[in-house]
Amino acid sequence: MKKYKLSILAVHSLGIVGFVLMSPVLPDVQAEYPNAGSVAVQMLVTLPAICSLVVGQISGWMSNFAEKRHLILIGLILFGAGGLGGYAAAEFWQLFLCRALVGVGMGLFYPVNLSLVSDLFDGQERTAMIGCTMAANYCGGAIGTVVAGLLAAFSWRSVFLVNLYVVLVLGVCVFFLPSHKNNVQKAGRRYQLLPWRVYLLAAFAMAQMLVFYSCVTNFATCTQELGQTQAVVASIGVAALYIGCFLTGMILVRLQTAMGAWLVPAAVATMGLGFLGLAKADHLLVLYAGIFLVGLGDGIIIPSIMARTAEVCPVIYSGQAMATVNIGTSMGQFASPLFFAGVKLVLQADTAQSGFEGVCILLIALAVVLIVRTAAGSARRRQGCRQG
């Protein structure tokens, strides 16, 4: 493996950890800061996504003409400072500021790091590398979630020690991260209007994250409905989700070669079956199997969106394009509680499992539409070949 591949994968393995780290310990944080208010405490989870959304557009624009290595290193330093600073934060406002720093750092390094894949790779190698970077993202999320769940048994502050890993990633990047800067005369310093397909792909990414994070944020509630109240039980389930994402992300090119246009419909159908398992489960193992299937589907869809973004956008604007799609993913993550609450409201449901059933219906309906559309397209191509 080329050394710069290792640095790109290492940076991307931090992507999920910054967002989900505090989810299992929010009740303990509320007990520590009773005057903070429940909304402010819940914002500790969503605040990094908001900051990442705003800063990501700035860093994406700056990557059109600035040195990408510098943007990534600065982002890692801020991310690490915010992550480790949470361990020592004495006041709630200090903890709030640290979570904001995590989001600012994420917004700097995440889209710029992904744009390096577009800059340094072409064709199937690019698709394979995007699959690997997203797989590294999910692998880091799986390991970080389990480790944070175990550390939470000692103290809610201990979950921030997971961010010691950032120091290792920073060291790898100092030595191996490649220098890359676009031609300023070609790229220009103005914010560019990208091809319309990039914005459409950002909307698709947002829709996918609405579904994906409705699973992440409600899985712990679902386990509690089955009588499993330990934080580590939910952490293992979320880790199974990310492991599923990791597995399909690693073999994305092989899946595309084998299934072609049928891959995305199959991924949506797989996610629908996963939500069906979550909705109907009466045993913890069935829950784990369901959330694992959701991960398998997401590990195909999100890397496919990123790969398609790299194809439709000029390379010199790759950073801005990836940042634009990242806006979709951040908005989807931020709005997923509202989406899930809306599903439950329509179904007049009062449990997480009932909400999962509603998401399952939506996904299965979408899968049927995609299958019919793909079959029609295949029939037209076969007819064209016969006429030719």
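These figures come from a predicted structure and were not determined experimentally.

**Student:** I keep staring at the packing of helix α5 (residues 68–88) against helix α6 (residues 92–120) and nothing clicks. Help me out?
**Tutor:** When two helices pack together, their arrangement is captured by the angle between the axes and the distance separating the axes. Look at α5 against α6: their axes get within 7 Å of each other, and the N-to-C directions meet at 150 degrees. Regarding the angle of α5 to α6, the classification is roughly antiparallel. In this structure, α5 meets α6 at a crossing whose hand is left-handed.

**Student:** Just checking my understanding: could you explain the packing of helix α7 (residues 123–151) against helix α14 (residues 284–312) for this structure?
**Tutor:** As a packed pair, α7 and α14 sit with axes 9 Å apart at the nearest point and diverge in direction by 135 degrees. In terms of orientation, α7 and α14 fall into the oblique class. Where α7 crosses over α14, the two elements pack in a sense that is right-handed. Contact residues: α7 offers R126, T127, I130, G131, M134 and Y138, while α14 offers D298, G299, I302, P303, M306, A307, A310 and E311. A breakdown of the residues in the contact of α7 with α14 according to their chemical character gives 8 nonpolar, 3 polar and 3 charged.

**Student:** I'm lost on the nonpolar core in this one. Help?
**Tutor:** Across soluble globular proteins, nonpolar side chains have a tendency to be buried as a group. Ranked by size, the top nonpolar core spans 93 residues in total, and within it F109, F212, Y242, F275 and L278 carry the most contacts. Here this core gets 13 residues from one element, more than from any other, and that element is α14. The residues contacting F109, other than those within four sequence positions of it, are V11, L14, I72, G75, L76 and F79. L21, L26, A40 and V45 belong to the second largest nonpolar core, which has 21 residues in total.

**Student:** Whenever I open this one, the environment of N137 confuses me. Can you help?
**Tutor:** Summarising the element assignment, N137 is placed in helix α7. By relative accessible area, which is 4% here, N137 ends up buried. Considered as a pair, N137 and P195 are 58 residues apart in the sequence and their alpha carbons are 27 Å apart.

**Student:** Whenever I open this one, the packing of aromatic side chains confuses me. Can you help?
**Tutor:** Ring pairs (aromatic) are described by centroid distance and by the angle formed between their planes. Enumeration over the complete set of coordinates arrives at 12 aromatic pairs. With a centroid separation of 6.4 Å and 50 degrees between ring planes, the pair formed by Y138 and F212 is classed as tilted. Linking Y138 in helix α7 with F212 in helix α10 (residues 196–225), this pair joins segments that are 74 residues apart in sequence. Its relative accessible area of 4% is what places Y138 among the buried residues. With centroids separated by 5.3 Å and ring planes inclined at 85 degrees, the aromatic side chains of F212 and Y213 adopt a geometry described as edge-to-face. Judged by relative accessible area, which is 6%, Y213 ranks as buried.

**Student:** Explain the layout of surface pockets to me, please; I cannot follow it from the model alone.
**Tutor:** Over the atoms rolls a probe the size of a water molecule, and its path tells where empty space is left. Taken as a whole, the largest pocket holds about 1,200 Å³ of empty space. Forming the boundary of the largest pocket are 36 residues, of which F204, V264, I305, L370 and R373 lie nearest the centre. Elements with a contribution of two residues or more to the lining of the largest pocket: α10, α13 (263–280), α14 and α16 (352–387). Taken together, the residues of the lining of the largest pocket sort by class into 23 nonpolar, 7 polar and 6 charged.

Each value, and the rule that gives it
Residues numbered from 1 in each chain as written. Predicted model: local features only at pLDDT ≥ 70, side-chain atom pairs only at ≥ 80, totals over all residues. Heavy atoms only, no water. Axes fitted to C-alpha atoms, helices over the stretch in contact; angles between N-to-C directions. Helix = DSSP H or I, 4+ residues; strand = E, 2+ residues; numbered from the N terminus. Parallel < 35°, antiparallel > 145°, perpendicular 65-115°, else oblique. Left-handed = near helix turned anticlockwise from the far one by under 90°. Contact = heavy atoms within 4.5 Å. Nonpolar A, V, L, I, M, F, W, Y, C, P; charged D, E, K, R; others polar. Core = buried A, V, L, I, M, F, W, Y, C linked by side-chain atoms within 4.5 Å. Buried < 20%, exposed > 50% of the residue type's maximum accessible area, 1.4 Å probe, protein only. Phe/Tyr/Trp six-rings, centres within 6.5 Å; stacked < 30°, edge-to-face > 60°. 1 Å grid on protein atoms, 1.4 Å probe; cavity = no way out; pocket = protein on both sides within 12 Å on 5 of 7 lines; lining within 4 Å. Points joined across faces, edges and corners; volume = space filled by probe spheres on them.

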